[in-house]
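# Examining the three-dimensional arrangement
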Amino acid sequence: MTNSQVWFRGVRSSKFRHVYGVSFKRERCYDNIKITRNAHDSNFCAVNPKFVAVVTEVAGGGAFLVLPLDHTGRLDFNASRVTGHKGPVLDIKWNPFNDNIIASCSDDCTVKLWHIPDGGLSMHLTEWLVELHGHKRRVAYIEWHPTAENVLLSAGFDYLIIVWDVGKGEAVKVIDCHSDVIYCMSFNRDGSLLATTCKDKKLRIIEPRRGIVLSEGLCHMGTKAAKCTFLGAQGRVLTTGFSRHSDRQYAVWDQHELATPLVCETIDSSSGVVFPYYDYDTNMVYLAGKGDGNIRYYEVVEEAPYVYFLNQFLSGNPQRGLGYMPKRGVNTAACEVFRFYKLHTSRGLCEPISMIVPRKSDCFQEDLYPDTAAPLPALSAKDWLSGMNAPPLLISMKTGVTISTHKPRSNKDAPALQPQDANNRKKFAFLSRETTPDYRPLGTWQPHENNILESDLQVAMNEKSQKTSANQNTKFHQLQRMFGKQTGDAEPVPLYKQINQGDVFSTEHELRLAFNRQGEELRIVKRQLQNSQQRVRELEQHLAALQAKLQNH
């Protein structure tokens, strides 16, 4: 029985008819993230089997956060970020063939590629691998080619789409067929065609290597943004947008004939832009509106009406953006077929949501997991630009594949080690050495053959005195001496008379830095105290053993 056949009262037979969504528990979410409040129509989140990246709100420039997938829970306030852009970050996308490479585009008219080490970031990342200049206005969207290596497309507010060879760091084609702002880009399965939506209300099918428009037509007549995605290998395109009366709707089109849609259905009357997410392996499409709390999902078939509504995931918390996990990263043991990463609007929370097919068996479900796209390119950039097409390489979900994490060569020389980085390394090397000081009074300390030599004691005393004098010279103690009341001194001058109004903020910043330094020193002293107590116990035991030997003699 096929999907188009019915069996009881018109109910379709489908293995995805009972798919349901499950939100992760709070401890498995990513909390305390300052999610960007930018009004740009983008997902602001990108996920792969190693990392989750979220665009964050910053006072100046642009930054986004990259966390290893297992670093859940409450985020540290001073977590390291990627901070190389001079304007707000508008879109981020992971390289499909290298889980350590991420591309970002920004308000500063540039596209940049970054390398993320396997363990995540240990400090703010400001050095990029490749910087791509070509747009004259801000870059709104980026898209990696699904089968060719090192091919990236960017769409800007200058109405241009630029095809980049990031291996060489240069533009290979500029597509200038749009007359207004570009809303969305979507590749087909083998990357031979590109679908775009535009503010002029037109849907275009473009051959990206030559920049030729193969077909175009009016899609949604509303004023807000329309989005699009290819549906499998059937040559159809799904678009989401708004009607003249501001109703949200979706439509299915034949890529060769865009004059009239194959089907057009109204979703509801909400105001948020609807983003489509298509799963090539299960032929399911998910529709999620910005500002909505629900996610609708449909099954795509080959006959009319082409799209069947299955169900929806309901939630009371609206979403600012959604990232999704590639199929090779889902949990096959739980029959998970799709996973979203939802950015909450009101709370600084990134919440994973699993879409699960209910199955009783714990075995691998081969009908749910056909071979999926591998993290390996089917073509080189040179082959694709010469006119070759190839379907994506496939891997079995049962066996998996080893993910390459090599760092590609950049088109610029590697930067020399900055003095600040060298200084930080020296600090970490110093802090990593453990010391075992003895805090007993010197008069009660009796040296013996197994104890520390007198020369070692003298060195330790000198180091301790140096540390004490260094601590007295910290900024925090200087401020205490400046503002504190000393014994026998006159009444101190009020603080508002000592400090100008313009210096208040700098003083507060210095106090905060001094407080952080004192906290770190306190933790080190506590660790040293534990070591010293353990040393005292060992010496007491050794002393008792020596006394026992003396009594025996």
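Residues numbered from 1 in each chain as written. Predicted model: local features only at pLDDT ≥ 70, side-chain atom pairs only at ≥ 80, totals over all residues. Heavy atoms only, no water.

- The name given to the chain in an unreviewed UniProt entry is Coronin, with the source organism recorded as Iphiclides podalirius.

## Notes on empty space enclosed by the protein
- Using the criterion set out here, one finds three cavities of 30 Å³ or more in the structure.
- Size it by volume and the second largest cavity reaches roughly 70 Å³.
- In terms of lining residues, the second largest cavity is bounded by Y183, C198, K199, K201, C219, H220, G222, T223, K224, A226, G241 and F242.
- Within the lining of the second largest cavity, the residues separate by chemical class into five nonpolar, four polar and three charged. (1 Å grid on protein atoms, 1.4 Å probe; cavity = no way out; pocket = protein on both sides within 12 Å on 5 of 7 lines; lining within 4 Å. Points joined across faces, edges and corners; volume = space filled by probe spheres on them. Nonpolar A, V, L, I, M, F, W, Y, C, P; charged D, E, K, R; others polar.)

## Thoughts on the pattern of salt bridges
- Counted by the stated rule, this structure contains 22 salt bridges.
- Notably, a salt bridge pairs R37 with E57, separated by 4.0 Å at the nearest N-O pair. Residue R37 is found in the loop between strand 4 (30-31) and strand 5 (45-47), and its partner E57 is found in the loop between strand 6 (51-56) and strand 7 (62-68); the two are separated by 20 residues along the sequence.
- For E57, a relative accessible area of 30% puts it in the partly exposed group.
- Put simply, K112 and E131 hold a salt bridge, and the shortest N to O gap is 3.6 Å. Taken as a pair, K112 in strand 12 (residues 110-115) and E131 in strand 13 (residues 130-133) lie far apart in primary sequence, 19 residues in all.
- Judged by its relative accessible area of 2%, K112 is buried.
- By relative accessible area, E131 is classed as partly exposed at 24%.
- Each of the salt bridges in this network shares a partner with another, and the network as a whole consists of D200, K202, R204 and E216. (Salt bridge = Lys/Arg side-chain N within 4 Å of Asp/Glu carboxyl O. Helix = DSSP H or I, 4+ residues; strand = E, 2+ residues; numbered from the N terminus. Buried < 20%, exposed > 50% of the residue type's maximum accessible area, 1.4 Å probe, protein only.)

## A closer look at the sheet that holds strand 13
- In space, the four strands of this open sheet follow the order 10-11-12-13, with antiparallel pairing throughout. The two strands at the open ends of the sheet, each matched to only one other strand, are strand 10 (89-94) and strand 13. The sheet shows a mean angle of 20 degrees between the axes of neighbouring strands, direction not considered.
- Direction of pairing for strand 11 (residues 101-106) relative to strand 12: antiparallel, over a ladder of five bridges. (Pairing = 2+ DSSP bridges. Axes fitted to C-alpha atoms, helices over the stretch in contact; angles between N-to-C directions.)

## Comments concerning the pairing of strand 28 (residues 295-300)
- Of all six residues that make up strand 28, six are buried, and the element is covered over most of its length.
- On strand 28, burial covers both faces: I295, Y297 and E299 on one face and R296, Y298 and V300 on the other are all buried.
- Pairing geometry for strand 27 (residues 284-289) and strand 28, over five bridges, is antiparallel. Among the inter-strand pairings, Y286 is bridged to a residue of strand 28, identified as Y297.
- Between strand 27 and strand 28, which pair antiparallel and follow one another directly, the connecting turn spans five residues, one of which, G291, has a positive phi of 90 degrees.
- Pairing of strand 28 with strand 29 (residues 307-313) involves six bridges; the strand directions are antiparallel. By the bridge assignment, E299 is partnered in strand 29 with Y308.
- Connecting strand 28 to the next strand, strand 29, in antiparallel fashion are six residues, including Y306 with a positive phi near 70 degrees.

## Points about the nonpolar core
- Counting residues in hydrophobic clusters, the biggest one holds 58 residues, and the most contacted among them are V52, F64, Y286, F340 and M355.
- With sequence-adjacent residues up to four places away left out, F340 is seen in contact with Y277, Y286, I295, L322, G323, Y324, E351, P352, I353 and M355.
- Membership of the second largest hydrophobic core comes to 20 residues, among which are F157, A381, W384 and A390. (Core = buried A, V, L, I, M, F, W, Y, C linked by side-chain atoms within 4.5 Å. Contact = heavy atoms within 4.5 Å.)

## Examining the pairing of strand 18 (residues 182-187)
- Most of strand 18 is tucked away, with six of its six residues classed as buried.
- Examined bridge by bridge, strand 18 and strand 19 (residues 194-198) share five bridges and lie antiparallel to one another. Note that in strand 19 the partner of M185 across the bridge is T196.
- Between the antiparallel neighbours strand 18 and strand 19 lie six residues, among them G191 with a positive phi of about 75 degrees.

## A few points about the side chain of H145
- Locating H145 in the fold gives a position in the loop between strand 14 (139-144) and strand 15 (151-156).
- Apart from the residues within four sequence positions on either side, H145 is in contact with P96, F97, V151, F187, D190, G191 and W384.

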